[in-house]
Amino acid sequence: MASEWYDKPGPLRKGEKPDTAGLNDYLTSNLPGWKGLSDIHQFPSGYSNLTYLISSGDQDYVLRRPPYGANVKSGHDMSREFRILSALIAVYPKVPRPVLFCENPEVVGAPFYLMERVRGVILRSQMSVEMYPPPPLMANIATSLAESLAELHRVDYAAAGLSEWGKPEGYVARQVKGWTDRYFKAKTDEVPEIENAARWLAENMPAESAASLIHNDFKYDNVVLNPDNRAEVMAILDWEMATIGDPLMDLGTSLGYWTDPDDPPEILALQLSPTTLPGNPSRSEMAELYAKKSGRDVGQILFYYVYGLFKVAVIVQQIYWRYRMGHTGDTRFANLIHAVRGCGRMASQAIAKQRIDRLF
């Protein structure tokens, strides 16, 4: 396979360069075998935690830190993500190996951790046309994605020592209330459809379906594919929101990110994963794939999908709020309010039509 298809970082974004001298001094003192910082780049995709590739001679590491201007104590706890990886590595092979955690914010401006670099292919919405999988392969990758999510939900989290990392009882209600509260704290514009979705969710909550380890951000651009067999998921990335909770809420989040080719332009513009490429299943078909692989009942998928849309809208709204407040100068964030409105429209149509695809 062409080496240029491996996921690669790019140049550092303006205003997001860490203190390389301080970082090098810290790693020289705390990372055995560190030979000095020889290079640093930034992975360009994603809207949440910042991810860098740092090199020391022929050794590469991935550094993760919170975004500038974020509330580190709420959704960007690096120590929590590092501890989850450290626990999972013993019972689940599809996580990167954690290497080092630094709680001192003075080193790079915030707590951070290092993990191994998993070399492989990540399917992103902005990848080159040459990387597009042929439709039959794309269908196999989608099936593998559904299978990997079902597999993750079967992980023995108790054996990993993660039983205390979540409260499954009342999870659905807490999530609906929590994301509603976050929306209003980050509100900048009037988006009635989002507020209507919040009310509908509060009035239509099902009981918890089960308790499992859930990722909470599971999509194509957070999985690494085997470069020799792109239908195989090698690793799952970005565990910052992982917890113990309802697996169908995890599925709902994934479907919230899943765009179909007939979705409206503002939703397609937000597309973070190439779910519209030929060979991909629709949202309904993806839900059925998961049901087949997991054995779980997805009869109330409408609720979980609307929840996923609402959650995505709130995450995007929080990022937009940071941009409006001047906490980040990343120009990618300037028009995110349109994506928030688009999620509201999608939720309204799904509720009105009582289905999760063919909404327009």
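Before reading further, recall that the structure is shown in the block above.
Quick caveat, the model's predicted, so the values are computed rather than measured.

Draft legend 1. Structural view of the pattern of salt bridges. Considering all chains together, one arrives at 19 salt bridges under this definition. Of the charged contacts in the structure, one is a salt bridge between Glu16 and Arg13, with a shortest N-O distance of 2.9 Å. According to the relative accessible area criterion, Glu16 is buried, its value standing at 7%. Three or more residues are tied together by salt bridges with common partners; here these are Arg64, Glu81, Asp238 and Glu240.

Draft legend 2. Looking closely at helix α4 (residues 135-152). Between its terminal C-alpha atoms α4 stretches 26 Å, which fits the 26 Å expected from 18 residues at 1.5 Å a residue. Here α4 has its buried residues at Leu137, Met138, Ile141, Ala142, Ser144, Leu145, Ala146, Ser148, Leu149, Ala150 and Leu152. Buried-residue contacts for α4 involve β6 (212-214), β7 (223-226), β8 (229-236), α7 (247-257) and α9 (283-294).

Draft legend 3. Structural context of the packing of α7 against helix α10 (residues 301-324). Between α7 and α10, whose axes approach to 7 Å, the crossing angle comes to 60°. Of the possible angle classes, the one that applies to α7 and α10 is oblique. Helix-helix and strand crossings are classified by hand; for α7 and α10 the assignment is right-handed. Facing Leu248, Met249, Leu251, Gly252, Thr253, Leu255, Gly256 and Tyr257 of α7, the residues of α10 in contact are Ile301, Phe303, Tyr304, Tyr305, Tyr307, Gly308, Leu309, Lys311, Val312 and Ile315. Residues that form the contact of α7 with α10 fall into these classes: 13 nonpolar, four polar and one charged.

Draft legend 4. A look at the pairing of strand β3 (residues 59-65). Within β3, six of the seven residues are buried, which leaves the element mostly enclosed by the surrounding structure. The hairpin formed by strand β2 (residues 50-56) and β3 contains two residues between the paired strands, and Gly57 there has a positive phi angle of roughly 65°. Both β3 and strand β5 (residues 112-116) contribute to a ladder of four bridges, which runs antiparallel. Of the residues in β5, the one forming a bridge with Arg64 is Tyr113.

The rules behind these values
- Numbers given for residues are sequential positions, taken from 1 along each chain in its written order.
- Only residues with pLDDT of at least 70 are given local features in this predicted model, and only at 80 or more are side-chain atom pairs given and counted; all residues enter the totals for whole chains, interfaces and linings.
- Think of the side-chain values as coming from all heavy atoms in the structure, minus any hydrogens and water.
- In what follows, salt bridge is the name for a side-chain nitrogen of Lys or Arg lying within 4 Å of a carboxyl oxygen of Asp or Glu.
- Here's how the labels work: a residue is buried when its accessible area is under 20% of the maximum for its type, exposed when over 50%, partly exposed in between, all with a 1.4 Å probe on protein chains only.
- Helix and strand definitions follow DSSP, with helices as H or I runs of at least four residues and strands as E runs of at least two, each counted in order from the N terminus.
- By this rule, a helix spans an expected 1.5 Å times one less than how many residues it contains.
- Two residues qualify as a contact provided that any one of their heavy atoms is within 4.5 Å of a heavy atom in the partner residue.
- Throughout, an axis means a line fitted to C-alpha atoms (over the contacting stretch in the case of helices), and angles, computed between N-to-C directions, take values from 0 to 180 degrees.
- If an angle is under 35 degrees, it is roughly parallel; if it is over 145, roughly antiparallel; if it lies from 65 to 115, roughly perpendicular; otherwise it is oblique.
- Rotating anticlockwise by less than a right angle from the far helix to the near helix defines a left-handed crossing, while the corresponding clockwise rotation defines a right-handed one.
- Each residue gets one label: Ala, Val, Leu, Ile, Met, Phe, Trp, Tyr, Cys and Pro are nonpolar, Asp, Glu, Lys and Arg are charged, and the others, such as Gly, are polar.
- Note on pairing: two strands pair once DSSP finds at least 2 bridges between them.

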